[in-house]
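Structure at a glance
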Amino acid sequence: MPDKIKKLISQNSPCKTIKLNEPMAPYSSFKIGGPADILLIPNSILELTKTIDFLKLQHIPFVIIGSGTNLLISDYGIREVVVLTTSLNRIQITNNEITAECGAQVKRLCETAQAHSLSGLEFIYGMPGTIGGAVWMNARCYGSEIADILKNVHYLDQKQNEVEYIFNAKDFSYKKSPFQKSLQPILKVTLRLKEDDKIKINQIMQENIEDREKKGHFKFPSAGSIFKNNRDFKIPTGKILDELGLRGFTMGDAQIAPYHGNIFINLGHAKAMDVLNLIKHATQLAFHKKQIHLEPEICFLGEWNKNELNFS
Ligand SMILES: Cc1cc2nc3c(=O)[nH]c(=O)nc-3n(C[C@H](O)[C@H](O)[C@H](O)COP(=O)(O)OP(=O)(O)OC[C@H]3O[C@@H](n4cnc5c(N)ncnc54)[C@H](O)[C@@H]3O)c2cc1C
């Protein structure tokens, strides 16, 4: 990013928390990634909307991230301005609904709902990330997805107006949300829940998190599942990679987890390129041995060469 733009942002951005040349590995669950030229951390929804207004007016490209739990950030870092939402985390309960700012952690949302005897979020307890990221991804766990409980989403439209999107089932499908097409910032989310017994809700939440622990989700830095599951394959992607003998396969310091074929882990000093090489190796092998096209679920952020990200 030209110094002129960095200076313009440093002097005029409505966002008060500005970090220059900020290493991004600590902001990603993979613990991988080079520096962002500029990282902005708004402290309120108003600061976020004014910041995006400013960036658009100045024609400065930007990306929004939550907890970085579904990202692979390039070793060369990110030239767009990165806007981090994790300080926008207010949660409100009204009757049987829960409304959260985009940067609220899903885990806290689940715990708040449980404390108010509200059921519906148990399925997602233990999944890391923000509610903004979960809606964007239409996050899915244990056979349920965010779309099942979504009521509305407030987002910023192209003209920077805050608009209410009312949930329509037709707009959502497996790991797809309408926000992926328009890339509009999600500001606030309301979910529909149901009254139920607190103890029962807690029991299900604990079972789910224990299951994740048993499956090794939190053993090493990772981004969860690397590839989407595709119903046409008839078996989970993890199983496909197991059958290809890929568990434990290592490139550099990145490894296909010895305990789960679809989780790629950082053994300590993995580079984004190590993970990308593992992804390429797995996709090529799946195609040659089983004629299956694996599709990455994770989002690639930062400076990548277009050919590097061609998996077909
Ligand atoms: C151990 C582990 C287990 C996991 N298990 C699951 C699982 O069971 N099911 C599942 O679906 N996923 C799972 N994941 C992946 C990840 O947790 C989810 O996809 C999560 O919803 C991502 O949220 P995030 O805040 O980290 O988003 P990020 O990774 O920061 O961003 C993901 C995408 O969302 C966009 N985004 C984020 N916030 C906004 C916003 N406010 N407005 C517009 N766009 C936004 C970003 O631009 C990016 O494209 C797992 C990950 C890990 C590390």
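Residues numbered from 1 in each chain as written. Predicted model: local features only at pLDDT ≥ 70, side-chain atom pairs only at ≥ 80, totals over all residues.

We now examine helix H2 (residues 45-57). Spanning 13 residues, H2 covers 18 Å between terminal C-alpha atoms, matching the ideal 18 Å at 1.5 Å per step. Those residues of H2 that are buried lie in contact with strand S2 (35-40), strand S3 (62-65), strand S5 (81-84), strand S7 (97-101), strand S11 (150-156) and strand S13 (186-192). Directly after H2, the chain includes His59, whose backbone phi takes a positive value near 55°. (Helix = DSSP H or I, 4+ residues; strand = E, 2+ residues; numbered from the N terminus. Expected span 1.5 Å × (residues − 1). Contact = placed C-beta atoms within 7 Å.)

Turning next to helix H8 (residues 272-290). Over its 19 residues, H8 runs 26 Å from end to end, which matches the ideal 27 Å to within 8%, given 1.5 Å per residue. Listed as buried for H8 are Ala272, Asp274, Val275, Leu276, Leu278, Ile279, Ala282 and Ala286. As for H8, its buried residues are in contact with strand S4 (71-73), helix H7 (237-243), strand S16 (250-251), strand S17 (254-256) and strand S18 (263-266). Immediately downstream of H8, the backbone of Gln291 shows phi near 55°, a positive value. (Buried ≥ 20, exposed ≤ 12 C-beta atoms within 10 Å, placed from the backbone.)

This part is about the site of the ligand. Close to the ligand lie 32 residues, the nearest being Gly66, Gly129, Gly132, Gly133 and Gly224. Looking at the shell around the ligand, the elements with two or more residues in it are S3, helix H4 (131-137), strand S9 (140-141) and strand S15 (222-225). At 5 residues, H4 tops the list of elements feeding residues into the shell around the ligand. Residues that form the shell around the ligand fall into these classes: 17 nonpolar, 14 polar and 1 charged. (Near = placed C-beta within 6 Å. Nonpolar A, V, L, I, M, F, W, Y, C, P; charged D, E, K, R; others polar.)

We now examine the domain arrangement of the chain. Per the domain assignment, the segments making up the chain are domain 1 (3-84), domain 2 (91-212) and domain 3 (216-309). Look at where the C-alpha atoms of domain 1 and domain 3 centre, and you get two points 27 Å apart. Each partner contributes residues to the interface: domain 1 has 18 residues there, and domain 3 has 17 residues. Residue contributions to the side of domain 1 that touches domain 3 peak at 3 residues, all from S4. Considered class by class, the residues forming the side of domain 1 that touches domain 3 number 8 nonpolar, 7 polar and 3 charged. (Domains from an automatic or database assignment.)

Where strand S6 (residues 91-94) lies against S7, 4 bridges are found, and the strand directions are antiparallel. Paired with Gln92 across the bridge in S7 is Thr99. Count of turn residues in the S6/S7 antiparallel hairpin: 2 residues, of which Asn95 carries a positive phi of about 50°. (Pairing = 2+ DSSP bridges.)

This brings us to the sheet that holds S11. Picture the strands of a sheet paired through backbone hydrogen bonds; they go either parallel or antiparallel. Strands sit in the order S6-S7-S13-S11-S12 across an open sheet of 5 strands; the sheet is antiparallel. What marks the edges here is a single partner per strand, and that holds for S6 and strand S12 (162-166). Strand-to-strand twist across the sheet, computed as the mean angle between neighbouring axes with direction ignored, equals 15°. (Axes fitted to C-alpha atoms, helices over the stretch in contact; angles between N-to-C directions.)

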